[in-house]
Amino acid sequence: MERRGEPPLQQSLEFTVENVEKALHQLYYDPNIENKNLAQKWLMQAQVSPQAWHFSWLLLDMDKVPEIQYFGASALHIKISRYWNDIPADQYETLKSQLFSHITRFASGSKIVLTRLCVALASLALNMMPEAWPCAVADMVRMFQAEDSNIDGRARCLALLELLTVLPEEFQTSRLPQYRKGQVRGVLAQECSSVFPLLEQLLQQQDSPSFIKQKVLKCFSSWVQLEIPLMECENLIQAAFTSLGDPELFDTAVEAIVNAISQPDAQRYVNTLLKLIPPVLGLQEQLRQAVQSRDMEMSHGICRIAVALGENHSRALLDQVDHWQSFLALVNMIMFCTGIPGHYPVNETTSSLTLTFWYTLQDDILSFEPEKQAMYQQVYRPVYFQLVDVLLHKAQFPSDEEYSCWSSDEKEQFRIYRVDISDTLMYVYEMLGAELLSSLYDKLGRLLTNTEQPTSWQHTEALLYGFQSIAETIDVNYSDVVPGLIGLIPHISISNVQLADTVMFTIGALSEWLADHPVMINNVLPLVLQALGNPELSISSVSTLKKICRECKYDLPPYAANIVAVSQDVLMKQIHKTSQCMWLMQALGFLLSALQVEEILKNLHSLITPYIQQLEKLAEETPNPSNKLAIIHILGLLSNLFTTLDISHHDDDHESTEVKKLPVAQGPNPVVVVLQQVFQLIQKVLSKWLNDAQVVESVCSIFEKSVKTLLDDFAPMVPQLCEMLGQMYSTIPQASAIDLTKQLVHIFAHEPAHFPPIKALFLLITSVTLTLFQQGPRDHPDIVDSFMQLLAQALKRKPDLFLCSSLDVKAVFHCGVISLKFPEAPTVKSACGFFTELLPRCGEIPPVGQVVHENGKMLLQTVLEGVGGQASRNLMDQLAEILFALNKHCFSYLSIWIKEVMQQDGFPSARVTPEQKEIFSQQILRERVNKRRVKDMVKEFTLLCRGLHGTEYTADY
């Protein structure tokens, strides 16, 4: 078929049969990708052209190859489904009979073309129902059952089944308007009386071949999704259950049964649901055999059916108290599926399907009135205790040998599966309460004290994992088994990484309990410090130490020297990855916070000195990539330490008053002392690395985190830091310097003593950034974003900054307007934030009032351009806030400006009429109280401007 050396298709060609065939040839056989793309583009235009009505039928000629016929059928479907209103009503019947005769012709032809023609006829039927074609489905069945000597009966039957299968599918994806959808769904649901008897007959016929039965089950599956009453599906569901015995039909039958049971409306038909329990229970023998013969697909399919019935209808079935035993039998069948032998995901993939069922069942039981609830609690508490045993068995790791053969993907899936089990256990605690913890504790105690039989580590680990799952989210402070558990932990012989990890996480989950029972800390702390030295336990040991240091800091002073020494040792040996080193520093910050000031300084000195020496060495070296990483690492360690080192207890809600008195600050804050000592060194590092955004960011991060933690205690550093930031920003402007300035403005600008250095820094940053705007700010959206946030913060905390004679308020206003036009959404958001802070100050700050009155029209124009389509639809709320502020604080001006800007032709969009613009303007001017209403008006108007009003795109709006 290949014709070489043919010129590529011209985009201006007429849409004729010959040209379509040429384009299809180019699409399928031309090796040049550009030519293929051109052909595809042209063919898409051809499909929607008026000429498609003519060439589509010609392309369906039986002599053509299937690719060409398929394109003809697709073009017909597109014309019918998308351009229905272009078809004159007097053409409907012709179109219908042409499609019927082509489907009949293709019944024995190409399968893909037949399907496409069926989809086209389905679309035609949906558009004609019910007025123009009241009994469409019955007519289809009749047409294809009529004898036609030219066509073999089976081919005719398959064509009819194909048509009936695609009809509901086409309905689900059709573009019918909402009111028509409801109407057509109703008609289709009635028409199932023409379809279901036929399907039942074909399934029950002894001589029906497998491929026909398969098609019947698929067709049934498609129809039940139209919310057909479950009782009307009864016979077909029973027939589908019978089909489960045929291996060829098994998968399709499962799909049909699950779809039928799962439709939301099914719970109304309780009698039918009760009738379904026996056939589901009847599958138990088949399920056992499948499990024995390791037929994962069959056990998976049967489990899906049991879970579909249990999960979707547990409430309705529990309501039938007289039938509690049959529902309990179903629950036990699902329990069997939960505990299916094998390790997930390697030897089984079924058990995970059941986990949501256990949530649902429990929720439904606990939602009943007290009497019924008590009865069901009695029935189901033993079931849930059994479930805990089953889940912990499933959570067990395989043997080390087996586990080492798993792929990393399988290990990750197993990890996620264990998290799901953990969530389920946490949930089950609501049903079983403290008794659950006691039962876990007893089992663990028996395991660890049983000297007769050696215990596998997997068994111990799973029990601890169950404990940890509950303790992580439930308050176990009042549990009487925790002291025993803490006593047992040191007796666990840890021979394995997974077990050691779980021991660590369990200790971490109990850290709040340890804070209330400090006498027990010494039982577990040595284990944690020992684990710190093992790189394989990095995450669990460091996160556990961090939790203990955070929760128990006031009880740790006796252990502080030891904790600091071990931590220093592992940090120096570089045992942990960067993020764990940062967590470790945060842990030490919590720990040191509870010590006396001189103790803190002593520990800080020993902890930080090695890093300071290293940094001094690095500051002398010529910048290169490896010493850059070392510098960022050291700065990161310091900044994480200062994040949590807080001796003023801003974050403490500790009730104990004596604790409060413990560390009375004598003299300056230790963090400030350290920062002042290293300040010159940091300046030295900066001077070499000013061009590097990451190093600058790391330096700013140290001070930003310290300021956030220390708040007023940071005051002695303010003058030095303002000066350093000014030098940094003047040399090379970077967003992180502005972010730190914003922090300083937030905390210190309203304090007279600190106002002068902060005012000087604010003016300097503003003047440098204005110069940047003159040179072209497009390459620095991050700086513009941070600058807008700084201006908003200044207006919020210290509006007096805008009274400075050296601040060019007009230039700042213009920068804000430019920022509103940026393509980056975060930058536009920040610019909107600036204007919503600025506009309310019109009255109290004369320079602001003057600038807004002179340039407010330009601001309005820019905001409306954004609403008109220039800005992302996600930003409409923020732009609406500016309009609201303009209306509230500059009403007399806004009423003139909005009239003037809206008079421009095609503004803010060519799609809106003068009337629509007038309505919108009046709505905005009228609403000065309700901001929510203004936001809704803007959203409505932006859809009109974009031509999206009333389309499917507005559904999420």
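Residues numbered from 1 in each chain as written. Predicted model: local features only at pLDDT ≥ 70, side-chain atom pairs only at ≥ 80, totals over all residues. Heavy atoms only, no water.

K.L.:
Just to check I follow, could you spell out the overall build of the protein chain for this structure?
P.N.:
Across its full length, the protein chain holds 45 helices and 0 strands. Counting only residues that meet the buried cut, the protein chain has 54% of its 957 residues in that class. Taken as two groups, the 75 positive and 107 negative side-chain charges of the protein chain have centres that lie 6 Å from each other. (Helix = DSSP H or I, 4+ residues; strand = E, 2+ residues; numbered from the N terminus. Buried < 20%, exposed > 50% of the residue type's maximum accessible area, 1.4 Å probe, protein only. Lys, Arg positive; Asp, Glu negative; His and termini not counted. Charge placed at Lys NZ, Arg CZ, Asp CG, Glu CD.)

K.L.:
Help me understand the pattern of salt bridges in this model?
P.N.:
Any two side chains of opposite charge can pair, on the condition that their charged atoms come close. This model, assessed by the stated rule, comprises 30 salt bridges. If you follow the salt bridges from partner to partner, you end up with Lys-111, Glu-162 and Lys-215 in one network. (Salt bridge = Lys/Arg side-chain N within 4 Å of Asp/Glu carboxyl O.)

K.L.:
Is there a simple way to think about the environment of Val-672 in this case?
P.N.:
Mapped onto the secondary structure, Val-672 falls in helix α33 (residues 670-689). Val-672 sits 34 residues away from Ser-706 along the chain, and the two C-alpha atoms are 8.6 Å apart. When near neighbours in sequence (up to four residues on either side) are disregarded, Val-672 contacts Leu-710, Asp-713, Phe-714, Pro-716 and Met-717. (Contact = heavy atoms within 4.5 Å.)

K.L.:
Can you walk me through the packing of aromatic side chains in this structure?
P.N.:
The description of an aromatic ring pair rests on the distance of the ring centres and on the angle between the ring planes. Inspection of the entire model under this criterion finds 25 aromatic pairs. Plain terms: the ring middles of Phe-834 and Phe-835 are 4.9 Å apart, the flat faces sit at 45° to each other, and that makes the pair tilted. Look at Phe-834 and you get buried, because its relative accessible area is 0%. Members of the aromatic cluster, each reached through a chain of ring pairs, are Tyr-344, Phe-397, Tyr-403, Trp-406, Phe-414, Tyr-417 and Trp-457. Geometry around Tyr-403 places Lys-411 over its ring, the cationic atom sitting 4.8 Å from the centre. (Phe/Tyr/Trp six-rings, centres within 6.5 Å; stacked < 30°, edge-to-face > 60°. Lys NZ or Arg CZ within 6 Å of the ring centre and 35° of its normal.)

K.L.:
What should I look at first to understand the layout of surface pockets in this one?
P.N.:
Left-over empty space is what a probe sized like a water molecule reveals as it rolls over the atoms. Of the volumes computed, that of the largest pocket is approximately 660 Å³. If you trace the largest pocket, you find 24 residues lining it, with Phe-397, Arg-415, Arg-418, Asp-501 and Phe-505 closest to the centre. Secondary structure elements with two or more residues in the lining of the largest pocket: α20 (408-432), α22 (457-473) and α24 (497-509). Per-class residue counts for the lining of the largest pocket are 8 nonpolar, 7 polar and 9 charged. (1 Å grid on protein atoms, 1.4 Å probe; cavity = no way out; pocket = protein on both sides within 12 Å on 5 of 7 lines; lining within 4 Å. Points joined across faces, edges and corners; volume = space filled by probe spheres on them. Nonpolar A, V, L, I, M, F, W, Y, C, P; charged D, E, K, R; others polar.)

K.L.:
Mind showing me how you'd approach the side chain of Ser-706 here?
P.N.:
Within the secondary structure, Ser-706 sits in helix α34 (residues 693-710). Residues within four places of Ser-706 in sequence aside, it is in contact with Phe-642, Val-671, Leu-675, Leu-711 and Phe-714.

K.L.:
What exactly am I supposed to notice about the nonpolar core here?
P.N.:
Inside soluble globular proteins, nonpolar side chains tend to come together where they are buried. Among the nonpolar cores identified, the biggest contains 333 residues, and Trp-223, Tyr-380, Phe-703, Phe-714 and Phe-802 are the most heavily contacted of them. The dominant element in this core, judged by the number of residues it contributes, is helix α6 (residues 111-128), at 12 residues. Setting aside residues no more than four positions away along its own chain, Trp-223 makes contact with Val-137, Leu-164, Leu-167, Pro-168, Leu-188, Cys-192, Val-195, Phe-196 and Ile-228. Counting residues in hydrophobic clusters, the runner-up holds 13 residues, among them Val-17, Leu-24, Trp-42 and Leu-59. (Core = buried A, V, L, I, M, F, W, Y, C linked by side-chain atoms within 4.5 Å.)

K.L.:
Mind showing me how you'd approach the side chain of Ser-567 here?
P.N.:
Within the secondary structure, Ser-567 sits in helix α28 (residues 557-572). There is a polar contact of 2.7 Å between the side chain of Ser-567 and the backbone oxygen of Ile-563. Beyond its immediate chain neighbours, meaning those up to four positions away, Ser-567 contacts Leu-532, Leu-545, Leu-584 and Leu-588. (Polar contact = N/O pair within 3.5 Å; in protein donor to acceptor, adjacent residues only side chain to side chain.)

K.L.:
Whenever I open this one, helix α21 (residues 434-449) confuses me. Can you help?
P.N.:
Think of an α-helix as turning once every 3.6 residues; residues three or four places apart then point the same way. For α21, built from 16 residues, the straight-helix expectation of 22 Å at 1.5 Å per residue is met to within 8% by its first-to-last C-alpha distance of 23 Å. Of the positions making up α21, those classed as buried are Leu-436, Leu-437, Ser-439, Leu-440, Leu-444, Gly-445 and Leu-447. (Expected span 1.5 Å × (residues − 1).)

K.L.:
Please clarify how the packing of helix α44 (residues 914-926) against helix α45 (residues 931-946) should be interpreted in this entry.
P.N.:
Packed helix pairs are specified by the crossing angle of their axes together with the interaxial distance, meaning the distance between the axes. Running from amino to carboxyl end, α44 crosses α45 at an angle of 165°, the nearest separation of the two axes being 10 Å. When the axes of α44 and α45 are compared, the pair comes out roughly antiparallel. Where α44 crosses over α45, the two elements pack in a sense that is left-handed. Across the interface between the two elements, Gln-916, Lys-917, Phe-920, Gln-923 and Ile-924 from α44 touch Val-934, Met-937, Val-938, Phe-941 and Leu-944 from α45. (Axes fitted to C-alpha atoms, helices over the stretch in contact; angles between N-to-C directions. Parallel < 35°, antiparallel > 145°, perpendicular 65-115°, else oblique. Left-handed = near helix turned anticlockwise from the far one by under 90°.)

K.L.:
Explanation requested: the state of the cysteines in the structure shown.
P.N.:
Here a disulfide denotes a covalent bond joining the sulfur atom of one cysteine to the sulfur atom of another. A full pass over the atoms with the stated rule returns 0 disulfides. Between Cys-219, a cysteine without a disulfide, and Cys-157, which holds the nearest cysteine sulfur, the sulfur-to-sulfur distance is 10 Å. The buried category is assigned to Cys-219, whose relative accessible area is 0%. Left without a disulfide partner, Cys-815 is nearest to the cysteine sulfur of Cys-832, which lies 15 Å away. Taking relative accessible area as the criterion, Cys-815 reaches 4% and is therefore assigned buried. (Disulfide = S-S within 2.5 Å.)

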